[in-house]
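What follows is each chain in one-letter form.
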Amino acid sequence: MKIGIIGGGIGGTALAHACLQKGFDITIFEQAPAFGEVGAGVQMTPNAVKAIKGLGLYDDFLAKGFYPDAIVGRNWQTAQENFRIDLGDEFRAHYDAPYIHIHRADLLDLFVAQLPPDVCRFNKKCTDVAETATGAVATFEDGSTFGADLIVGADGVRSAVRGALFGEGDLRWTGHMCYRALVPTDGVVDYVNPDSTFWMGPNAHVVTYYVKGGEAVNIVAVTEAAEWVAESWSTKASKEEMLADFAGWHPTLETLFSKVDEVYNWGLFDRDPMEKWSTDHVTLLGDACHPMLPFLSQGAAMAIEDALVLATALSLTPGDLKPALARYEAERLPRTGKVQLEARERGRTYHLPTPEEMAARDAEYARRAKEDPRTTGINTDWVYDYDPRSFGPFPAEAEQA
Ligand SMILES: Cc1cc2nc3c(=O)[nH]c(=O)nc-3n(C[C@H](O)[C@H](O)[C@H](O)COP(=O)(O)OP(=O)(O)OC[C@H]3O[C@@H](n4cnc5c(N)ncnc54)[C@H](O)[C@@H]3O)c2cc1C
């Protein structure tokens, strides 16, 4: 089967790797001149790690990752620990996978390193995709075209493939924007714990964690805004703006923010869950079909799960796309839609405005974490429990084992 993948991000490259393992003929089309990711971290929750295991890349992944000790909720002003979810042996055994922090470039590289050198065509911006009698054809800005049995749109939240198939639809301004920065640790940073720390305050929250094996601290600092005025959704910001927006927050954060060198401000957009992702010879994957707020740390996770499931579905009925795409959607659409909506809801829960509401939320998280210390306490068990490997046999893991 000949497959064209539009977009060489985390989702597109994970899919390319999965499909090559199944023996499919793959070409990636990426609009940029080279593979690349933003200079920031990403949290890989156990469900994502299970997908990476299924793709046979677990050992390489762990070599680049950082094991946090715990997920910790702290008060924005006092740093009081409001809840703690231990991510040690019990947690890992319960979910059959650890919780890992990794730099985005390292995650992308995990998949890219598996690809033959000529599998991706760069500077290829897709402008249209159309069904033909026997397949689909993608058209690019330079006027060239590519025909295949299947075209997969893995081209992110402003997906051209999605637009061609289902119309642009509304990209929804979520009312949130965030600062993203990395602070090198230069050996030791004694004021940031080796945890996934959620600092929750009124109408804002900050997440800090280590990446690059502990060489840098990743910061995601989320605030609220009535609208996003910048044309691009990522603009260069200053340390001073970031410090001003988080004035009055705990001195640990003030110290950390004061060490920031380069900082970007991101507008956060999402979409409503779709009812359908596929036509006869075209489908979607990752942010192209289910863009979501990052508050459950699931966007890249969902894209990697999609990749494993889609490649497996295609291999179950070789040459017969209809049942394969139907299986893929049936497996993935309900789950990703639920995660999209729950991530939206976290925008409210994490930003409760009054001390009373915050205290009630934190007490509930702490109660749940104590009641069953193996699970998350923050009501994400249903996200982490999912095992994309159970969708179908995938030989890579068996070979690895
Ligand atoms: C602040 C923040 C924090 C996050 N934290 C986490 C986290 O902790 N855990 C997690 O799992 N997720 C997280 N995410 C979400 C995650 O980054 C995304 O969901 C993920 O990168 C989506 O991957 P993708 O491959 O679907 O899309 P993208 O990464 O957007 O890749 C799309 C690719 O397609 C290319 N492209 C676009 N249009 C075209 C075109 N027309 N033609 C050709 N190529 C095209 C682009 O250049 C790009 O390379 C976070 C997101 C944000 C904003």
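Residues numbered from 1 in each chain as written. Predicted model: local features only at pLDDT ≥ 70, side-chain atom pairs only at ≥ 80, totals over all residues. Heavy atoms only, no water.

What counts here: UniProt positions are given in the numbering used here, feature names are shortened, and annotations may be inferred rather than shown by experiment.
Looking up the chain in an unreviewed UniProt entry gives the name Salicylate hydroxylase, with the organism given as Actibacterium naphthalenivorans. Turning to the chain, the UniProt annotation filed under Cofactor (unreviewed entry) states: "FAD".

## A few points about the sheet that holds strand β2 (residues 25–29)
Sheets are built from strands that pair by backbone hydrogen bonding, the pairs being arranged parallel or antiparallel. What counts here: At least two bridges found by DSSP between two strands are what make those strands a pair. By the criteria applied, helices consist of DSSP H or I runs no shorter than four residues and strands consist of E runs no shorter than two, each listed in order from the N terminus. In what follows, residue pairs with any heavy atoms lying within 4.5 Å of each other are defined as contacts. Axis angles are defined between N-to-C directions and span 0 to 180 degrees, where every axis is a line fitted to C-alpha atoms and, for a helix, only to the segment in contact.
With parallel pairing, 5 strands are arranged side by side in an open sheet as β7-β2-β1-β11-β18. The strands lining the two open edges of the sheet, one partner per strand, are β7 (120–121) and β18 (282–284). For strand β11 (residues 150–153) and β18, the ladder comprises 3 bridges, and the chain directions are parallel. Counterpart to isoleucine 151 in the pairing with β18 is valine 282. Packed onto the sheet, helix α10 (residues 321–349) meets β11 and β18 and runs at close to 15° relative to β18.

## Structural notes on the sheet that holds strand β10 (residues 145–148)
Strands sit in the order β8-β9-β10 across an open sheet of 3 strands; the sheet is antiparallel. Each end of this open sheet is capped by a strand with a single partner; those strands are β8 (126–131) and β10. Put simply, the sheet's adjacent strands are angled 20° from each other on average, direction ignored.

## Notes on the side chain of histidine 290
As a reminder, the rule being used: Relative accessible area decides the class of each residue, using a 1.4 Å probe on protein chains only: under 20% of the type maximum gives buried, over 50% gives exposed, and in between gives partly exposed. For the purposes of these results, a polar contact is taken to be a pair of N or O atoms within 3.5 Å, where, inside protein, one atom must be able to donate a hydrogen and its partner to accept one; residues adjacent in sequence count only when each atom of the pair is a side-chain atom.
Secondary-structure assignment places histidine 290 in the loop between β18 and α9 (299–316). The buried category is assigned to histidine 290, whose relative accessible area is 1%. Side-chain polar atoms of histidine 290 contact the side chain of aspartate 306, separated by 2.6 Å. If near-sequence neighbours (up to four positions away) are discounted, histidine 290 is found in contact with Trp277, Met302, Ala303, Asp306, Thr336 and Gln340.

## Some remarks on the site of the ligand
Basically, it comes down to this: Any residue with a heavy atom positioned within 4 Å of a molecule or strand is treated as near that molecule or strand. Working definition of accessibility: Shrake-Rupley area with a 1.4 Å probe, residue cover restricted to the visible protein chains.
Near the ligand lie 31 residues; those nearest to it are Gly11, Glu30, Gln43, Arg104 and Asp287. Between the ligand and the protein, one listed contact pairs an oxygen atom with a side-chain N or O atom of glutamate 30 at 2.7 Å. Interatomic distance of 3.2 Å between a side-chain N/O atom of glutamine 31 and an oxygen atom of the ligand. Taking 1,000 Å² as the accessible area of the ligand by itself, protein coverage stands at 86%. Secondary structure elements with two or more residues in the shell around the ligand: α1 (10–21), β3 (41–44), β12 (172–184) and α9.

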